[in-house]
Amino acid sequence: MEGERSLLERVQQHDQQALAEVHDHYFDRIYQYLNYRLGEPEAAADLTGEVFLALVKALKAGKPPRTSLAGWLYTVARNLTADYIKEKSRTVPLMEDLVADEPSLTDQIHLSQLAPVLRDALLKLTEEQQHVIALRFGQELSLAETAQLLDKTVGAVKALQHRALASLARHMPQEVQHDG
Amino acid sequence: MTDRFESILDESISAWQAGVPLEEILAEVPDYADELRPLLYAATVLTDPNPVPAPAEKKAALRAEYIKQVTELPAITPAPFRGKVRAIIKVIKRRTTREAVLKDIITVTITIILTLFVVALTLNYLAANTIPSDFLYGVKRISEDIQLSLTFDPERKAELEEEFNQRRLEEIEKLIEQNRAAVIQFKGILETKGENLWIVEDHTIFLPNDISIEDEIVEGDVVEVIGLLRSNNVLVADTIRLVR
């Protein structure tokens, strides 16, 4: 894969080969980001398709990504996620399934059992914090990469990450918090 | 404190993502262990160890639809001129970050100051031996005025004024030698006071009838004379005033 800058320039020129490379390079990442945010593989795949079609639409409209291809794709994915969640909350109570599946945390605390609890708490974070968590832990991007995608400083992302994790940790059972 | 903890948290997450066991990470920072533990647990749970790729069939279908739309995109062939303008705008944009602009302003300011300094020094050097009516004589006088205004010690200031007045007298000698006409200005002791002819500092000065002398001046006073030295070496006063 060539440099992102050079790829971006070719995309801006409607280079079909470059646009195919963009799809091949970013599809799985964007899909995993969306699946992480939504927890719904089917919807994540559909929205991933929409992200790339949005790129074609933007090029047609003469408004191509200007500075960062990855930043542009993740931003569209993020906006589509927000729209999807908003739309879904209007029709189906979002937490219903998760709450029903929540395991009872009694004697033996296992990390895997905490996942549904945290997922519940994750959805209560601010949209920006959810985005940072998805990039840092879903995509395992570095702080610097995350900061670049968000167009923020590394310090700002560190603070967002800290607040998000602290908020999530408050939802962990007491046994885990003091286990040691 | 928060900044430090945020950095420790991030370093711990990086260590954990690199495979260092949780307890080993916490043992490294015992002061923060209690605070870190639940956050790292949360980070552990949040990490998707085996992210599932999109179903291959679905991915292929979406790719086909995407490629179809890509092939329908109109081709872009930027005109050479447009391409050049775009390249220039790109360079300008890259140069217009706050840091770059600040750097440019500092560089330009320093360059201007240095250039002005060098020009001023050169002009001052060239003007050093000029006499009234020479092209650069004004520079010489401005330089002297600046020197005087920047001298705050009264004794040194008086010495400078005397030195500059000597220059004025020497300039008059040179003008007389060369039979040149010029406006002159100097200070000196009034040695002889006639009706229309005064002698100041060995120079005979003709006083026209319409000259107005406001001060009461007697022989022995120090006066300042401003007047015209004609090419026939006759010095006609325009203003004479008492130096107090």
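Residues numbered from 1 in each chain as written. Chains lettered and ligands numbered in written order. Predicted model: local features only at pLDDT ≥ 70, side-chain atom pairs only at ≥ 80, totals over all residues. Heavy atoms only, no water.

## With respect to the overall build of chain B
Piece 1. Across its full length, chain B holds eight helices and five strands.
Piece 2. For chain B, the succession of helices and strands along the chain, N to C, is α-α-α-α-α-α-α-α-β-β-β-β-β.
Piece 3. A buried classification covers 31% of the 244 residues belonging to chain B. (Helix = DSSP H or I, 4+ residues; strand = E, 2+ residues; numbered from the N terminus. Buried < 20%, exposed > 50% of the residue type's maximum accessible area, 1.4 Å probe, protein only.)

## Overview of the overall build of chain A
Piece 1. Scanning chain A from N- to C-terminus turns up 10 helices and zero strands.
Piece 2. Across the 180 residues in chain A, those meeting the buried criterion constitute 48%.
Piece 3. Across chain A, the fraction of contacts at a sequence separation of at least 24, relative to all contacts at a separation of at least 6, is 59%.
Piece 4. For chain A, the exposed surface amounts to about 8600 Å²; the carbon and sulfur share of it is 50%. (Contact = heavy atoms within 4.5 Å. Areas by Shrake-Rupley, 256 points an atom, 1.4 Å probe, with all protein chains shown as cover.)

## Some details on the interface of chain A and chain B
Piece 1. On the side of chain B, 42 residues touch chain A, which itself brings 49 residues to the contact.
Piece 2. In total, chain A and chain B occlude about 4200 Å² of area from one another, counting both sides; carbon and sulfur atoms represent 63% of this.
Piece 3. Scanning the region where chain A abuts chain B turns up six salt bridges.
Piece 4. Here Arg136 of chain A and Asp10 of chain B are joined by a salt bridge, their closest N and O atoms 2.8 Å apart.
Piece 5. When residues of the side of chain A that touches chain B are traced back to their parent elements, those giving at least two are α1 (4-12), α2 (16-38), α3 (41-60), α6 (111-122), α7 (127-138), α9 (154-169) and α10 (174-177) of chain A.
Piece 6. Partitioned by chemical class, the residues of the side of chain A that touches chain B number 27 nonpolar, 12 polar and 10 charged. (Buried area = accessible area lost by both parts, 1.4 Å probe. Salt bridge = Lys/Arg side-chain N within 4 Å of Asp/Glu carboxyl O. Nonpolar A, V, L, I, M, F, W, Y, C, P; charged D, E, K, R; others polar.)

## Brief notes about the nonpolar core
Piece 1. Within the largest apolar cluster, 76 residues are counted, with the highest numbers of intra-cluster contacts made by Val22 and Leu165 of chain A.
Piece 2. Filtering out sequence-adjacent residues up to four positions away, Leu165 of chain A remains in contact with Ile133 and Phe137 of chain A together with Leu9, Ile13, Leu39, Ala42, Ala43 and Leu46 of chain B. (Core = buried A, V, L, I, M, F, W, Y, C linked by side-chain atoms within 4.5 Å.)

## Brief notes about the confidence of the model for chain A
Residue and element names in this part refer to chain A.
Piece 1. Of the residues in chain A, 81% have a pLDDT of 70 or more, and the chain-wide mean is 81.
Piece 2. Ranking the elements of chain A by mean pLDDT puts helix α5 (residues 96-101) last with 42 and α3 first with 94.
Piece 3. Across residues 94-111, confidence stays below pLDDT 50; counting only partners more than four residues off in sequence or on other chains, it has 26 contacts. (pLDDT = per-residue confidence, 0-100.)

## Some points on the packing of α2 of chain A against helix α4 (residues 69-91) of chain A
Residue and element names in this part refer to chain A.
Piece 1. The geometry of α2 relative to α4 is characterised by a closest axis approach of 10 Å and an angle of 35° between their N-to-C directions. The crossing of α2 and α4 is right-handed. Between α2 and α4, the contacting residues are Val22, Tyr26, Arg29, Ile30, Tyr33, Leu34, Arg37 and Leu38 on the first element and Leu69, Ala70, Leu73, Tyr74, Ala77, Arg78, Thr81, Tyr84 and Ile85 on the second.
Piece 2. Each residue belonging to the contact of α2 with α4 can be placed in one class, and the counts come to 13 nonpolar, one polar and three charged. (Axes fitted to C-alpha atoms, helices over the stretch in contact; angles between N-to-C directions. Left-handed = near helix turned anticlockwise from the far one by under 90°.)

## What about unusual backbone geometry?
All names here are of chain A.
Piece 1. With phi around 60°, His14 is a residue other than glycine that occupies positive phi space.
Piece 2. Overall, His14 belongs to the buried group, its relative accessible area being 10%.
Piece 3. In this structure, Asp151 is a non-glycine residue whose phi angle is positive, near 55°.
Piece 4. Along the chain, Asp151 turns up in the loop between α8 (143-150) and α9.
Piece 5. Note on Asp151: relative accessible area 71%, which makes it exposed.

## Examining the confidence of the model for chain B
Piece 1. Per-residue confidence for chain B gives a mean pLDDT of 88; residues scoring 70 or more make up 98%.
Piece 2. Confidence metrics for the complex model read pTM 0.56 and ipTM 0.79.

## Comments concerning the pattern of salt bridges
A side chain of one charge can pair with a side chain of the opposite charge if their charged atoms are brought near each other.
Piece 1. Counting across every chain of the model gives 23 salt bridges over all chains.
Piece 2. With a closest N to O distance of 2.7 Å, Asp24 of chain A and Arg63 of chain B form a salt bridge. Here Asp24 of chain A is found in helix α2, whereas its partner Arg63 of chain B is found in helix α4 (residues 56-71) on a different chain.
Piece 3. When its relative accessible area of 43% is taken as the criterion, Asp24 of chain A is described as partly exposed.
Piece 4. Arg63 of chain B gets classed as partly exposed once you look at its relative accessible area, which sits at 30%.

## Side note on the layout of surface pockets
Piece 1. Roughly 940 Å³ of internal volume is contained in the largest pocket.
Piece 2. Considering the residues around the largest pocket, the lining is formed by 26 residues, among which Arg5, Gln12, Arg66 and Thr67 of chain A together with Lys90 of chain B are closest to the centre.
Piece 3. Among the elements of the structure, α1 and α8 of chain A together with α5 (80-95) of chain B are those that each provide at least two residues to the lining of the largest pocket.
Piece 4. Considering each element in turn, the lining of the largest pocket owes the most residues, eight residues, to α5 of chain B.
Piece 5. By residue class, the composition of the lining of the largest pocket is seven nonpolar, nine polar and 10 charged. (1 Å grid on protein atoms, 1.4 Å probe; cavity = no way out; pocket = protein on both sides within 12 Å on 5 of 7 lines; lining within 4 Å. Points joined across faces, edges and corners; volume = space filled by probe spheres on them.)

## A short note on the environment of Asp202 of chain B
Piece 1. By secondary structure assignment, the location of Asp202 of chain B is in the loop between β2 (197-200) and β3 (203-206).
Piece 2. The exposure class of Asp202 of chain B is exposed, given its relative accessible area of 67%.

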